[in-house]
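Analysis of the macromolecular model
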Amino acid sequence: MKALVISGGGSKGAFAGGVAQYLIEDKQKNYDMFLGTSTGSLLIQHLATGDIHKLYTIFTNVKQKHIFSINPFIVRKKGNREFVSINFFNSLIQFIKMKRTFGESKALKRNIRRNFTKEEYDKIKETKEDVVVTVSNLSTNKVEYKSIHDYSYEEYCDWIWISCNYVPFMSLAVKDGYEYADGGLGCVVPIREAILRGATEVDVVILESEIMEQQKVLGKNPFSLMLNLFSHLLYQVEKHDITIGKLAARNKNVKLNLYYTPSKLTEDSLIFNKKLMVEWWRKGYNHAKMKHNDLESNELKT
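Remember, predicted model here, so these are calculated numbers, not experimental data.

Let's talk about the packing of aromatic side chains
Under the defined criterion, the tally for this structure stands at 15 aromatic pairs. Taking 5.8 Å as the distance between ring centres and 90 degrees as the angle between the ring planes, the aromatic pair formed by Tyr166 and Phe230 counts as edge-to-face. Of the two residues, Tyr166 sits in the loop between helix H7 (153-163) and strand S7 (173-175) while Phe230 sits in helix H9 (residues 222-252), which places them 64 residues apart along the sequence. Linked through ring pairs, Phe68, Phe73, Phe95, Phe102, Tyr166, Phe169 and Phe230 together constitute an aromatic cluster.

Right, here's the structure in full:
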């Protein structure tokens, strides 16, 4: 049974879209199972239906207004570079309202239901073994995996949204008496879960480069420093997930194919720039193609 796993990574998900397009369209890989965390949970629904053109159109046109109903960020430009800084006014309003997060992501919740239809939900349930999103239960300090087969359309859309809620910058969701947030806070790359669910071959898209190429510049104010600290913690979780996934694959004799980004794409994955995302999609497609060409070339030599 083949599985496709996509990690979290915000706007860098465009790279994963390009990799998946090559694997599904060019290599004709027919995946039985899809698992994703955060931005990965958004991608896997459309990959499971096979409508990659629709996914490309949706994902490369995403803007912050499609995600945030209350945006805690302002995108500023310095030369040719864009960077995120705090929206002090919106954050202050949240404090005055005694909210626990700097922003709200109810716009994303509406957009998930607009772009992922009930008909597509039904099609996946009929044709795929499983599609699973990762969420973090903050009330119990546990990671939970939500299968499309266990929930109604409305409930499942909620879990997709919850998987993307990068607390404390996005909404803190309450469901069934528990408080939930972004799945990446507990599991960025759910490789082991795919293997536990019966996958015998797993393709994994990891939205980070395998080796850090340069020294990071930490934020110049408490807010941007917090973003850097979260990035550091998620990177450590990601490394742990990959190590555990490799061990599980070795123990179960599972074929594991890892697709890292060939270089650091961005420090600010909450910037949704169409030009950059189109380029990252193209890079993902070309990277997967080059990797497979190299593998085939090596096989011919041996």
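Let us keep going from here.
A short note on the packing of helix H1 (residues 13-26) against helix H2 (residues 39-49)
At a minimum axis distance of 10 Å, the contact between H1 and H2 shows a crossing angle of 30 degrees. It follows from the interaxial angle that H1 and H2 lie roughly parallel. Crossing of H1 over H2 shows right-handed handedness. Across the interface between the two elements, Gly13, Ala16, Ala20 and Ile24 from H1 touch Thr39, Leu43 and Leu47 from H2.

A word on the pattern of salt bridges
According to the stated counting rule, one finds 14 salt bridges in the structure shown. Here Arg100 makes a salt bridge to Glu179, at a shortest N to O gap of 2.3 Å. Of the two residues, Arg100 sits in the loop between helix H4 (88-96) and helix H5 (106-115) while Glu179 sits in strand S8 (residues 178-182), which places them 79 residues apart along the sequence. Using a relative accessible area of 59% as the deciding quantity, one classes Arg100 as exposed. With a closest N to O distance of 3.2 Å, Glu208 and Lys264 form a salt bridge. On the criterion of sequence distance, the pair formed by Glu208 in strand S9 (residues 201-209) and Lys264 in the loop between strand S10 (255-261) and helix H10 (274-301) is long-range, its members being 56 residues apart. Salt bridges linked by common partners bring Lys109, Arg113, Asp158 and Lys175 together as one network.

About the criteria used
- For every chain, the first residue of the written sequence is number 1, and numbering continues from 1 along that sequence.
- Since the coordinates come from a predicted model, pLDDT governs what is reported: local features require at least 70, and pairs of side-chain atoms require 80 or more to be given and counted, while whole-chain, interface and lining totals use all residues.
- To get the side-chain values, take all heavy atoms of the structure and skip hydrogens and water.
- In summary, the pairing rule links any two rings of Phe, Tyr or Trp, Trp by its six-membered ring, whose centres are within 6.5 Å, and it sorts them by plane angle into stacked for under 30 degrees, edge-to-face for over 60 and tilted for everything else.
- Elements are defined by DSSP. Helices are runs of H or I of four residues or more, strands are runs of E of two residues or more, and each kind is numbered from the N terminus.
- To get an axis, fit a line to the C-alpha atoms, keeping to the stretch in contact for a helix; angles then go from 0 to 180 degrees between the N-to-C directions.
- Here is the rule for angles: anything less than 35 degrees is roughly parallel, anything more than 145 is roughly antiparallel, 65 through 115 is roughly perpendicular, and the remaining ranges are oblique.
- Two helices crossing with the near one rotated counterclockwise from the far one by less than a right angle form a left-handed crossing, whereas a clockwise rotation gives a right-handed crossing.
- In this analysis, two residues are considered to be in contact whenever any of their non-hydrogen atoms come within 4.5 Å of each other.
- We count a salt bridge whenever a side-chain nitrogen from Lys or Arg sits within 4 Å of a carboxyl oxygen from Asp or Glu.
- Exposed residues in this analysis have more than 50% of their type's maximum accessible area, buried residues have under 20%, and partly exposed residues fall in between, with area computed by a 1.4 Å probe over protein chains only.

Read these as geometric descriptors, not functional statements.
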